[in-house]
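Take a look at the letters that make up each chain.
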Amino acid sequence: MKVLLCASEGTPFIKTGGLADVVGALPKALKKNGVDVRVMLPYYKKIKEQNNAEYCGYAYVRIADRNEYVGVFHKEYEGIDYYFIDSDRYFNRDGLYGYGDDGERFAFYCFAVLEAMKVVNFFPDIIHCNDWQTGLIPYILKNNYNYYMEFRRIKTIFSIHNIQYQGIFPRDIMNIMFMPYSSSLEYDNCINFMKCAIMESNLVTTVSNSYKYEVLTPEYSYKLNNILELRRDDFYGIVNGIDVNKYNPETDKYIFANYNIKTVKEGKLKNKKALLKEFNLPFKDVPVFGLVSRLVEQKGIDILMPIIDDMIEHTDAIFILMGSGEKVYEDFFRYMEFKHPKRFKSYIGYSDSMAQKIYAGADIFLMPSKFEPCGLGQLIAMRYGTLPLVRETGGLKDTVKPYNKYNQTGWGFSFGGYNVEALKEVMYLATETFKDKSAWNLLVQHAMELDYSWDNSAKDYISLYEKTINSGRKKWTH
Ligand code: GLC
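Residues numbered from 1 in each chain as written. Predicted model: local features only at pLDDT ≥ 70, side-chain atom pairs only at ≥ 80, totals over all residues. Heavy atoms only, no water.

J.: Would you mind showing me how to read the overall build of the protein chain here?
T.: A tally of regular secondary structure across the protein chain gives 19 helices and 18 strands. Relative to the 2.2 N^0.38 estimate, which gives 23 Å for 478 residues, the radius of gyration of the protein chain is 23 Å and therefore close to what a compact globule would have. Along the first, second and third principal axes, the C-alpha set of the protein chain runs to 70 × 45 × 40 Å. When contacts within the protein chain are restricted to residue pairs at least 6 apart in sequence, long-range pairs at least 24 apart make up 72% of them. Roughly 19200 Å² of accessible area belongs to the protein chain as shown, and the carbon and sulfur atoms make up 49% of that amount. One finds the centroid of the 59 positive side-chain charges in the protein chain at a distance of 2 Å from the centroid of its 59 negative side-chain charges. (Helix = DSSP H or I, 4+ residues; strand = E, 2+ residues; numbered from the N terminus. Rg over C-alpha atoms; globule rule 2.2 N^0.38 Å. Contact = heavy atoms within 4.5 Å. Areas by Shrake-Rupley, 256 points an atom, 1.4 Å probe, with all protein chains shown as cover. Lys, Arg positive; Asp, Glu negative; His and termini not counted. Charge placed at Lys NZ, Arg CZ, Asp CG, Glu CD.)

J.: What is the right way to look at the site of the ligand in this model?
T.: As a matter of local geometry, the ligand sits amid 14 residues, with H161, N240, E372, C374 and G375 nearest to it. With respect to the ligand, the side chain of E372 contributes an N or O atom lying 2.6 Å from an oxygen atom. Here an oxygen atom of the ligand sits 3.4 Å away from a polar atom, N or O, in the main chain of P373. In isolation the ligand has 310 Å² of accessible area, and contact with the protein removes 94% of it. Of the residues forming the shell around the ligand, the biggest block, 3 residues, is contributed by helix α1 (residues 18–32). Among the residues making up the shell around the ligand, the classes are represented as 6 nonpolar, 6 polar and 2 charged. (Near = heavy atom within 4 Å. Polar contact = N/O pair within 3.5 Å; in protein donor to acceptor, adjacent residues only side chain to side chain. Nonpolar A, V, L, I, M, F, W, Y, C, P; charged D, E, K, R; others polar.)

J.: What am I meant to see in the packing of helix α10 (residues 264–278) against helix α14 (residues 352–361) here?
T.: Two packed helices can be described by the angle between their axes and the distance between those axes. Closest axis-to-axis distance for the α10/α14 pair is 8 Å, and the angle between their directions is 130°. Here α14 runs oblique to α10, going by the angle between their axes. As for how α10 packs across α14, the hand of that crossing is left-handed. Between α10, through K268, N271, K272, L275 and E278, and α14, the contact on the second element is made entirely by M354, K357, I358, Y359, A360 and G361. (Axes fitted to C-alpha atoms, helices over the stretch in contact; angles between N-to-C directions. Parallel < 35°, antiparallel > 145°, perpendicular 65-115°, else oblique. Left-handed = near helix turned anticlockwise from the far one by under 90°.)

J.: What is the right way to read the pattern of salt bridges from this model?
T.: Opposite charge on two side chains allows them to pair when their charged atoms are near. Within the structure shown, the criterion is met by 29 salt bridges. Notably, a salt bridge pairs R105 with D102, separated by 2.7 Å at the nearest N-O pair. One end of the pair is R105 and the other is D102, both in helix α4 (residues 102–120) and 3 residues apart, which spans about a single turn. Given the relative accessible area of 0%, R105 is considered buried. (Salt bridge = Lys/Arg side-chain N within 4 Å of Asp/Glu carboxyl O. Buried < 20%, exposed > 50% of the residue type's maximum accessible area, 1.4 Å probe, protein only.)

J.: I tried to follow the packing of α1 against helix α19 (residues 455–470) on my own but got confused; where do I start?
T.: Where α1 meets α19, the closest approach of the two axes is 9 Å, and the angle between their N-to-C directions is 75°. Taken together, α1 and α19 sit at an angle that is classed as roughly perpendicular. When α1 is examined against α19, the residues L26, A29, L30 and K32 are found in contact with a partner set consisting of D455, A458, Y461, I462 and Y465. Here the residues of the contact of α1 with α19 are counted per class, giving 7 nonpolar, no polar and 2 charged.

J.: Please explain the sheet that holds strand β10 (residues 190–192) as it appears in this structure.
T.: Neighbouring strands of a sheet are bound in pairs by backbone hydrogen bonds; such pairs are parallel or else antiparallel. If you trace the 3 strands from one edge of the open sheet to the other, you get β8-β10-β9, paired in antiparallel fashion. Single-partner strands in this sheet number two, and they are β8 (168–169) and β9 (186–187). As judged from the 2 bridges shared by β9 and β10, these two strands associate in the antiparallel manner. Across the sheet, E186 pairs through a bridge with I191, a residue of β10. Along the sheet face, helix α7 (residues 193–200) touches β8, β9 and β10 and points at about 55° away from the line of β10. (Pairing = 2+ DSSP bridges.)

Pasting the structure below:
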């Protein structure tokens, strides 16, 4: 079985969020299970500077009134073939997204992927597209490539990692793209890449079962629930795993001391002491709350902000929070650190090494997300024996079983309603439970026993690939 995975970011080459982790780890698990999987990414400036990829050839894509050059580069990494789409005009920039011509850039990318397949002579059974940046591929494949035998048999799968970002552009973007107009492309009088992908791919997936049901409701769907409803029978939720080799407390080079499930008590204590020292805090046997996150509305910082002062006054908890993003949250971090220098520390920005130190050194990992398609932070935290405190939404709900003190089950803490009181109550519960060492140690054991690898989910993807390959061909014209 041959699969081409397309996305706008992927580790170890380029990362802004969890999508990159999935694109970095899933292919390895697929390959282990016998799939010939290759990955195609834009050749951003940063990738170009840091990698010596080999030039494979070029093609042209028609955009507006130009034939736009598409360079194709290749690099093998950990047994996987990566192809990079080179374009000086569109990708040789410092950032990934947020430019005025993003619509044009990723429309170009979608056309370029199909041309690059010819350059490298790889015609997969499935093109697995991820998020809006790849959203036009299924449509272009059907409409512009249906006269090539090699392309006609290709099926498409589209995975939604976050429905909030849909790729919505003014209708006049149609003027630069050489493809027929269809109602699939349009939504609310705009061109919507994600909507188009939902309509036109053979199957649609998202990254947890709960998020699948959430996005079928108006509350979570950012207006796409009616569109998803049309594809309900072809819509699946498959939970993400993590790269268990990269995130392994036994071998992790970034953390202060390595440990495993048997040595977790001493191991975590060493990490906690060193983490506090790193932030110039003396060690105390008090609960340390950690957070590592993009600082955007989705992540629930709004309901956390009004609680910190109260927690600092009434409990002995310490906060170590890392992230970057919207200014209001960064400013809040700075202000809290100024106000409570002995109890609140922040790291504004992102560093892999510091993130791992927080995962290993904190006691409780905060993820009060408003919505969370899957979430990777809670999985990493649990693998390091740090108990997650999450809102019951999306993948958080599917992966964190809350502590039940009557029968001593669970491996984390959770709350339902998205409000300050609900979060506060469970933060108090966590700080109280922390004092009960035998209960706490049991929860840590439970968290560390779980399997976070990609093995099961990779098998689920493979069955979907098989199902799609074997399904009758969808109609080709509209
Ligand atoms: C997005 C989602 C996150 C998910 C990740 C990978 O970043 O917000 O919940 O884990 O994609 O699928």
